[in-house]
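Chain residues, written in single-letter form:
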Amino acid sequence: MEVKLRFAVKLVCLLVVVQAQVPPFEEKCEHGMYPPKAESKVASYVINLDLPPAERWTGLAKEKAPQIKDMLVEVKAFVGAFGNGSIIALVDKYLAPLADTLPYPFADELKGIAKATDIPLGEVVLFNVFYEFFTVCTSIVAEDSTGKLFHARNLDFGLFLGWDIKNNTWALTEKLRPIVVNLDWQRGGKTVFKSVNFAGYVGLLTAVKPQTFTYSMNERFSADGGYIGLIEWILGSRDSSWMGFLTRDTLENATSFTEAETWLANRTLLAPAYFILGGTKSGEGAIITRSREKALDIKRLDPANGRWFLLQTNYDNWENPPFIDDRRTPGDNCMANMSKSNTDLPHIFDVLSSKPVLNKLTTYTALMQVDEGHLESFLQECPDPCIPW
């Protein structure tokens, strides 16, 4: 109780401080933001699925080791807020053995990353767990007048993890941008799927399987959250799937939009989530609202009846978003202003570059087109005045 109270007090104080720092800003739909500056383009790497799992990440992990370690300083600072830092001492003791409970090939991949970076295995597991539960995002699937589908997203991460009063930035968000990478997952020298990842995270948050489907995941806030599923896993229950591992399996093995939708709608999860999918045919777009146990709702594209785009943030689509975090309404307005006839990736990039859809938590914007297997991503920063989330 004392630890919970201490953390609650810190959280309230942080919100008060951050709110006081928020400068006024104007909601408007941006235009002409694409292409962004060349230096914001995210670099690409190959993950060779033919290699033993422990060796797949070696080159990338070694290259990004300094930045990953820098990021982990912020993660551990957040975890250390509980129990005056005593939990940090328990990370290696309890999270390192957790790796051996994970399904193939993920345990060996995490061990390979730990070896390549010289980071304790428990800490590698820690930041993989973090990405399961702290992702705040906006995802869009849209269809143009010819039936061509586009999928894009902002990945927002780092909420409550160290607000820098001087620079009006989130500490962890700033540390994450240097480890954003595009990955081309290959088998036999050919692309199986592509994704945007934080280096060292072995799950998937954003991905495209060429000529098959596109995918993104947004966190769903729920009282029955991922912490409960994680505790159950630690205590020995293995009936649920880790979100990042389920999506890896889906991108590797699902052969159609329909099959991917079925898998993501029906597998039991450790944490609630929103899965956003786009396919190859007119009308193949869906937002799957998940509890840990089942799909609560599947909202689909319906272009014949005027629903030519879907936009998902972090709140159930049948409820109004909270006034302190309404990215949905401005995003919907910008998409409507863009119009179906102008739908393409550059125009959707404009929408995702419009405040408050773009905010201080935004690490990158990803753009995907399934027919061409197209994936590109750009680091994003929100210039002041800008809302913190």
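Structure first, text after, so check above.
Residues numbered from 1 in each chain as written. Predicted model: local features only at pLDDT ≥ 70, side-chain atom pairs only at ≥ 80, totals over all residues. Heavy atoms only, no water.

Caption draft 1: Just the overall build of the chain, in detail. Counting its regular elements, the chain contains 11 helices and 15 strands. Counting across all 389 residues of the chain, residues that qualify as buried make up 57%. For the chain, contacts bridging at least 24 residues in sequence account for 69% of all contacts bridging at least 6. Of the accessible surface of the chain, which amounts to about 15900 Å², a share of 55% is contributed by carbon and sulfur atoms. (Helix = DSSP H or I, 4+ residues; strand = E, 2+ residues; numbered from the N terminus. Buried < 20%, exposed > 50% of the residue type's maximum accessible area, 1.4 Å probe, protein only. Contact = heavy atoms within 4.5 Å. Areas by Shrake-Rupley, 256 points an atom, 1.4 Å probe, with all protein chains shown as cover.)

Caption draft 2: Focus on the state of the cysteines. All told, the structure shown has 2 disulfides when counted by the stated rule. Two residues, Cys29 and Cys334, share a disulfide whose sulfurs are 2.2 Å apart. Its S-S torsion of approximately -100 degrees makes the covalent link between Cys29 and Cys334 left-handed. You can see Cys29 sitting in the loop between α1 (2-21) and β1 (44-48) and its partner Cys334 sitting in helix α10 (residues 328-338), a full 305 residues away along the chain. Note on Cys29: relative accessible area 23%, which makes it partly exposed. Cys334 gets classed as buried once you look at its relative accessible area, which sits at 8%. (Disulfide = S-S within 2.5 Å.)

Caption draft 3: Local environment of the nonpolar core. With 79 residues, the main nonpolar core has Met71, Tyr131, Phe198, Tyr215, Trp242 and Phe275 as its most contacted residues. Take this core: its biggest share by element is 8 residues, from helix α5 (residues 121-133). Ile140, Phe150, Met338 and Ile348 belong to the second largest nonpolar core, which has 18 residues in total. (Core = buried A, V, L, I, M, F, W, Y, C linked by side-chain atoms within 4.5 Å.)

Caption draft 4: The arrangement of the environment of Ala142 in detail. Here Ala142 is to be found in strand β2 (residues 135-143). Its relative accessible area of 0% is what places Ala142 among the buried residues. Remark: the alpha-carbon pair of Ala142 and Leu301, spanning 159 residues in sequence, is separated by 8.1 Å. Residues contacting Ala142, with those up to four places away along its chain left out, are Lys148, Leu149, Phe150, Trp308, Phe309, Met335, Thr343 and Ile348.

Caption draft 5: View of the pattern of salt bridges. For the coordinates displayed, the defined rule picks out 14 salt bridges. In the salt-bridge network here, residues are joined through shared partners; they are Arg56, Glu109, Arg187, Arg248 and Glu252. (Salt bridge = Lys/Arg side-chain N within 4 Å of Asp/Glu carboxyl O.)

Caption draft 6: Seen up close, the packing of α10 against helix α11 (residues 345-352). One can describe the packing of α10 onto α11 by two numbers: an axis separation of 9 Å at closest approach and a directional angle of 150 degrees. Relative to α11, the element α10 is oriented roughly antiparallel. In this structure, α10 meets α11 at a crossing whose hand is right-handed. Only His347, Ile348 and Val351 of α11 make contact with α10, whose side of the interface consists of Gly331, Cys334, Met335 and Met338. (Axes fitted to C-alpha atoms, helices over the stretch in contact; angles between N-to-C directions. Parallel < 35°, antiparallel > 145°, perpendicular 65-115°, else oblique. Left-handed = near helix turned anticlockwise from the far one by under 90°.)

Caption draft 7: Highlighting the packing of aromatic side chains. Counted under the stated rule, the structure contains 14 aromatic pairs. Among the aromatic residues, those joined into a cluster by ring pairs are Tyr34, Phe349 and Phe378. If you follow Arg267 out to its NZ or CZ, it ends over the ring of Trp263, 5.1 Å from the centre. (Phe/Tyr/Trp six-rings, centres within 6.5 Å; stacked < 30°, edge-to-face > 60°. Lys NZ or Arg CZ within 6 Å of the ring centre and 35° of its normal.)

Caption draft 8: Local environment of α11. With 6 of 8 residues buried, α11 lies mostly within the body of the structure. Leu345, Ile348, Phe349, Asp350, Val351 and Leu352 are the residues of α11 that are buried. Structurally, α11 contributes buried residues whose contacts are with β2, β3 (149-157), α10, β14 (362-369) and β15 (374-379).

Caption draft 9: Representation of the sheet that holds strand β10 (residues 273-278). Overall, mixed pairing links the 8 strands, which are arranged β1-β6-β7-β8-β9-β10-β11-β12 in an open sheet. Where the open sheet ends on each side, the last strands, each with one partner, are β1 and β12 (295-300). Going from strand to strand, the sheet's axes swing by 20 degrees on average, the running direction of each strand aside. Examined bridge by bridge, strand β9 (residues 213-219) and β10 share 6 bridges and lie antiparallel to one another. Within β10, the position partnered with Met217 by the bridge is Phe275. Packed on one face of the sheet, helix α8 (residues 243-253) meets β6 (180-187), β7 (190-198), β8 (206-209), β9 and β10 and runs near 175 degrees to β9. Packed onto the sheet, helix α9 (residues 257-266) meets β9, β10, β11 (285-290) and β12 and runs at close to 10 degrees relative to β11. (Pairing = 2+ DSSP bridges.)

Caption draft 10: The sheet that holds strand β13 (residues 309-312), seen in detail. Taken together, 5 strands build an open sheet; the order of strands is β13-β2-β3-β14-β15 and the sheet is antiparallel. Each edge of the sheet is formed by a strand with only one pairing partner; in this case those strands are β13 and β15. Sheet twist, expressed as the average angle between the axes of neighbouring strands with direction ignored, equals 10 degrees. Packing against the sheet, α10 makes contact with β2 and β13, and its axis sits at approximately 160 degrees to β13.

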